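Below are the chains, spelled out letter by letter.
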Amino acid sequence: MILIEPGAYQHYAPIEPKGWDCLWVHFVPRPEWRSAIALPRAGKGIRRFKIEPVKARLKVSEALRRCVEYTGSVFGGLGQELAQSSLEEAVFLIAREQARGGGARPYSPPVRRVVE
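Each chain has its residues counted from 1, following the order in which its sequence is written. Per-residue local features are limited, in this predicted model, to residues with pLDDT of at least 70; the limit for side-chain atom pairs, both in listing and counting, is 80 or more; totals at the level of whole chains, interfaces and linings are taken over all residues. Side-chain numbers come from the whole structure's heavy atoms, not from hydrogens or water.

Draft legend 1. Fine view of the overall build of the protein. Regarding its fold elements, the protein presents three helices and three strands. Where helices and strands are cited, they refer to DSSP runs of H or I of at least four residues and of E of at least two residues respectively, numbered from the N terminus. Order of helices (α) and strands (β) in the protein, N terminus to C terminus: β-β-β-α-α-α. Accessible area is worked out with a 1.4 Å probe on protein chains only. A residue is then buried under 20% of its type maximum, exposed over 50%, and partly exposed in between. Split into buried and exposed, the 116 residues of the protein put 27% on the buried side. Methods summary: accessible areas were calculated by the Shrake-Rupley approach with a probe of 1.4 Å, and residue burial reflects only the protein chains presented. Element-wise, carbon and sulfur atoms account for 58% of the exposed surface of the protein, whose accessible area totals about 8,400 Å².

Draft legend 2. Representation of the environment of Glu 52 in the model. Locating Glu 52 in the fold gives a position in the loop between strand S3 (46-48) and helix H1 (54-71). Sequence spacing of Glu 52 and Glu 97 is 45 residues, and the spatial spacing of their C-alpha atoms is 8.5 Å.

Draft legend 3. Structural context of helix H2 (residues 79-99). The length a helix should cover is 1.5 Å for every residue beyond the first. In this model, H2 (21 residues) spans 30 Å end to end at C-alpha, consistent with the 30 Å of a helix rising 1.5 Å per residue. Looking only at H2, the buried set comprises Gly 79, Ala 83, Ser 86, Leu 87, Ala 90, Val 91, Leu 93, Ile 94, Ala 95 and Glu 97. In the core, the buried residues of H2 are packed alongside H1. Note on H2: the residue one or two positions beyond its end, Gly 101, has a positive phi of about 80°. Here, two residues are considered to be in contact whenever any of their heavy atoms come within 4.5 Å of each other.

Draft legend 4. Representation of the sheet that holds strand S2 (residues 41-43). For two strands to be treated as a pair, DSSP must find at least two bridges joining them. The three strands are arranged S1-S3-S2 in an open sheet whose pairing can be described as antiparallel. Of all the strands in the sheet, the pair left with one neighbour each is strand S1 (2-4) and S2. Here the strands of the sheet are splayed against their neighbours by 35° on average, with no regard to which way each runs. Where S1 meets S3, three bridges bridge the pair, whose relative direction is antiparallel. Residue Ile 2 lies in a different strand from S3, and its bridge partner there is Arg 48. Here an axis means a line fitted to C-alpha atoms, over the contact stretch when the element is a helix, while the angle between two N-to-C directions is reported on a 0 to 180 degree scale.

Draft legend 5. Main features of the pattern of salt bridges. A side-chain nitrogen of Lys or Arg and a carboxyl oxygen of Asp or Glu constitute a salt bridge if their distance falls within 4 Å. Inspection of the entire model under this criterion finds six salt bridges. The closest approach of N and O atoms between Glu 88 and Arg 30, which form a salt bridge, is 3.3 Å. A residue pair is termed long-range when its members are at least 10 positions apart, and Glu 88 in helix H2 and Arg 30 in the loop between S1 and S2 qualify at 58 residues. Residue class for Glu 88 comes out partly exposed when judged on its relative accessible area of 22%. Residue Arg 30 is classed as partly exposed on the basis of its relative accessible area of 30%. Note that Arg 96 is salt-bridged to Glu 97, the shortest N-O span being 3.7 Å. Relative accessible area serves as the criterion here: at 3%, Glu 97 is assigned to the buried category.

Draft legend 6. Broad picture of a nonpolar patch on the surface. Nonpolar side chains (Val, Leu, Ile, Met, Phe, Trp, Tyr) are joined into patches within 5 Å and like charges within 9 Å, using only residues with over 30% relative accessible area and no salt bridge. Side chains of Ile 2, Ile 4, Tyr 12, Trp 20 and Trp 24 sit close together on the surface and give an oily, nonpolar patch of about 500 Å² of accessible area. Secondary-structure assignment places Trp 24 in the loop between S1 and S2.

What follows is the structure, encoded as structure tokens:
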């Protein structure tokens, strides 16, 4: 899980020849989400959290896929609300894994300097 903060430099492209293998969700967080999305820093304006248990990663992925599906679907006026609910589910599933200590080890100081 990578969170790019507003104003952070971004440059990304799909890995060839496979193309994209990720889910993108751009959002303005609700105030009550702030602590839930306080992922460990991985660089300037970038936060990263590796969800180790495969089962937990799949649950987050499913919630994000539903979020994307609802935004481009025929759910009428409810699509945005359903998408928001699915995004919130993903955010709090990630927060639960962080609370359990299921993240990847932080970068060492030399690696952090290179990333930044």
